[in-house]
Amino acid sequence: MRKNFGQNTWFYPLPVLIIGSYDENGKADAMNAAWGGIYDRNHVVLALSEGHKTTKNIKTKGAFTVSFADVAHVVAADYVGMVSANTVTDKLEKAGFHTTKSEYVDAPVIDELPMALECRFIKVNEDGNIIGEIVNISADESVLKEDGTIDSEKLQVISFDPVHNTYLKLGEKVGNAFKDGASLK
């Protein structure tokens, strides 16, 4: 038997994305955005409202970064989603985040978060969502496997649970994509 919950914005998993941008004066900013993801093969989509300082920054600078919040930085990641750079000008400092300018786009990479997508702003689509092209992916060596690829267990990304307003750690491997289903052919 199933229980119906009606119309809700419940979607699992929702990545906890920390969006980095520079304002018109080159000051770094970051915000927590749970509504975003892959838009196309090498594009991302972010559902950000017009009122966000980050939205203005992205349009002004033409670039942004998308970092994945991790277990070690839950408090800081939550904080940058709770306060706006429109009113709290030192929110990165209060969160304990430090930044380095991306080598590929005019946007900050958050040093404490080990993986970032460095994106060039493409457009705002018909739904008002920000579309960006991924021009580089950078990752700290601490989250790499011996073969040089990303190790999801070391990355320790978190997801947002919209039903309970909690953050969950993603983790254990349970199968092999594009392989396990072949047993049913």
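Structure report, in brief. (Residues numbered from 1 in each chain as written. Predicted model: local features only at pLDDT ≥ 70, side-chain atom pairs only at ≥ 80, totals over all residues. Heavy atoms only, no water.)

### Re the pairing of strand β12 (residues 166-169)
Just so we agree on the cut-off: Strands were regarded as paired on the criterion that DSSP finds at least two bridges between them. Numbering of helices and strands starts at the N terminus; helices are DSSP runs of H or I of at least 4 residues and strands are runs of E of at least 2.
Here strand β11 (residues 158-161) pairs with β12 via four bridges, running antiparallel. Along β12, the bridge assignment pairs isoleucine 158 with lysine 169. Hairpin connection of β11 to β12: four residues between the antiparallel strands, including asparagine 165 at a positive phi of 50°.

### A few points about unusual backbone geometry
With an omega of -20°, the peptide bond running from tyrosine 12 to proline 13 counts as cis. Note that proline 13 resides in the segment before β1 (14-15). A positive phi angle is found at asparagine 165, which is not glycine, with a value near 50°. As for its position among the elements, asparagine 165 is in the loop between β11 and β12. Even without being glycine, phenylalanine 178 reaches a positive phi, approximately 60°. Looking at the secondary structure, you find phenylalanine 178 in the segment after β12.

Take it as geometry only, folks, not as evidence of what the structure does.
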